Amino acid sequence: MLAQQTMGKARQAHPVDVHVGGRVRLRRVFLGYSQEKLANALGLTFQQIQKYERGANRISASKLYELSRILSVPVTYFFEGVESEGESGSAGGQETGAAAASTIHSSDPDFTNQRETLQLISSYYRIPDAKVRAEVLSLLKTLGRTTDS
């Protein structure tokens, strides 16, 4: 019966799978790993990494554990922000389907998933001198001010 209900409908990614996949991508890009490099470390194809990052395929517990080791983060890293993002709009945060997907991603600014943003953050934290980092941040704030202030 369940197979009949899902036939003809494209499977929609679960919002938590999408969130976890996004966190994998964020960390991978932050570390400068290609999808192929990460795939090789996991014994997978880069296409599988693409599916994980989109949330199209769920990541098993064992793969999540391996990912945490390879990407040098605790397993909980992949779930950070899921509770607060999913809570708005329903009792106890128990949303499903499209409603939950739009809730989780409506609060994420588009710029946080852009490669340029991740490269900027990664480069910033690679500056070894804290005083230089502070100067770079000050410069960026100055350059980012709008003229209509």
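Before reading further, recall that the structure is shown in the block above.
Here is what the cut-offs are and how they apply
- Residues numbered from 1 in each chain as written.
- Predicted model: local features only at pLDDT ≥ 70, side-chain atom pairs only at ≥ 80, totals over all residues.
- Heavy atoms only, no water.
- Patch = residues over 30% accessible without salt bridge, like charges linked within 9 Å, V, L, I, M, F, W, Y side chains within 5 Å.
- Areas by Shrake-Rupley, 256 points an atom, 1.4 Å probe, with all protein chains shown as cover.
- Salt bridge = Lys/Arg side-chain N within 4 Å of Asp/Glu carboxyl O.
- Helix = DSSP H or I, 4+ residues; strand = E, 2+ residues; numbered from the N terminus.
- Core = buried A, V, L, I, M, F, W, Y, C linked by side-chain atoms within 4.5 Å.
- Buried < 20%, exposed > 50% of the residue type's maximum accessible area, 1.4 Å probe, protein only.
- Contact = heavy atoms within 4.5 Å.
- Phe/Tyr/Trp six-rings, centres within 6.5 Å; stacked < 30°, edge-to-face > 60°.
- Lys NZ or Arg CZ within 6 Å of the ring centre and 35° of its normal.

Caption draft 1: Inspection of a nonpolar patch on the surface at higher detail. Nonpolar side chains collect at one region of the surface, where Leu120, Leu139, Leu140 and Leu143 lie side by side and expose about 400 Å² of accessible area between them. With respect to the helices and strands, the residue leucine 143 is situated in helix 9 (residues 130-144).

Caption draft 2: Representation of the nonpolar core within the structure. If you look at the biggest cluster of nonpolar residues, it comprises 14 residues, and the most contacted ones within it are Val24, Leu38, Ile59, Leu67, Leu71 and Phe78. When residues of this core are traced back to their parent elements, those giving at least two are helix 2 (15-31), helix 3 (35-42), helix 4 (46-54) and helix 5 (61-70). If one sorts the elements of this core by residue count, helix 3 sits on top with three residues. Excluding anything up to four places from it in sequence, isoleucine 59 contacts Val20, Val24, Tyr52, Leu64 and Leu67.

Caption draft 3: Focus on the packing of aromatic side chains. On inspection of all chains with the given rule, the structure shows two aromatic pairs. Look at tyrosine 77 and phenylalanine 78: their rings are 5.4 Å apart centre to centre, the planes differ by 80 degrees, and that puts the pair in the edge-to-face class. One exposure class covers both tyrosine 77 and phenylalanine 78, and it is buried. Seen from their ring centres, tyrosine 124 and tyrosine 125 are 5.0 Å apart, and the 85 degrees between their planes marks the pair as edge-to-face. Directly above the aromatic system of tyrosine 77 lies the positively charged group of arginine 23, at a separation of 3.9 Å from the ring centroid.

Caption draft 4: Structural view of the environment of leucine 31. Mapped onto the fold, leucine 31 is located in helix 2. Its relative accessible area of 25% is what places leucine 31 among the partly exposed residues. C-alpha separation for the pair leucine 31 and serine 123, spaced 92 residues apart in sequence, amounts to 10.0 Å. Leaving out residues up to four positions away in the same chain, leucine 31 has contacts with Leu71 and Arg126.

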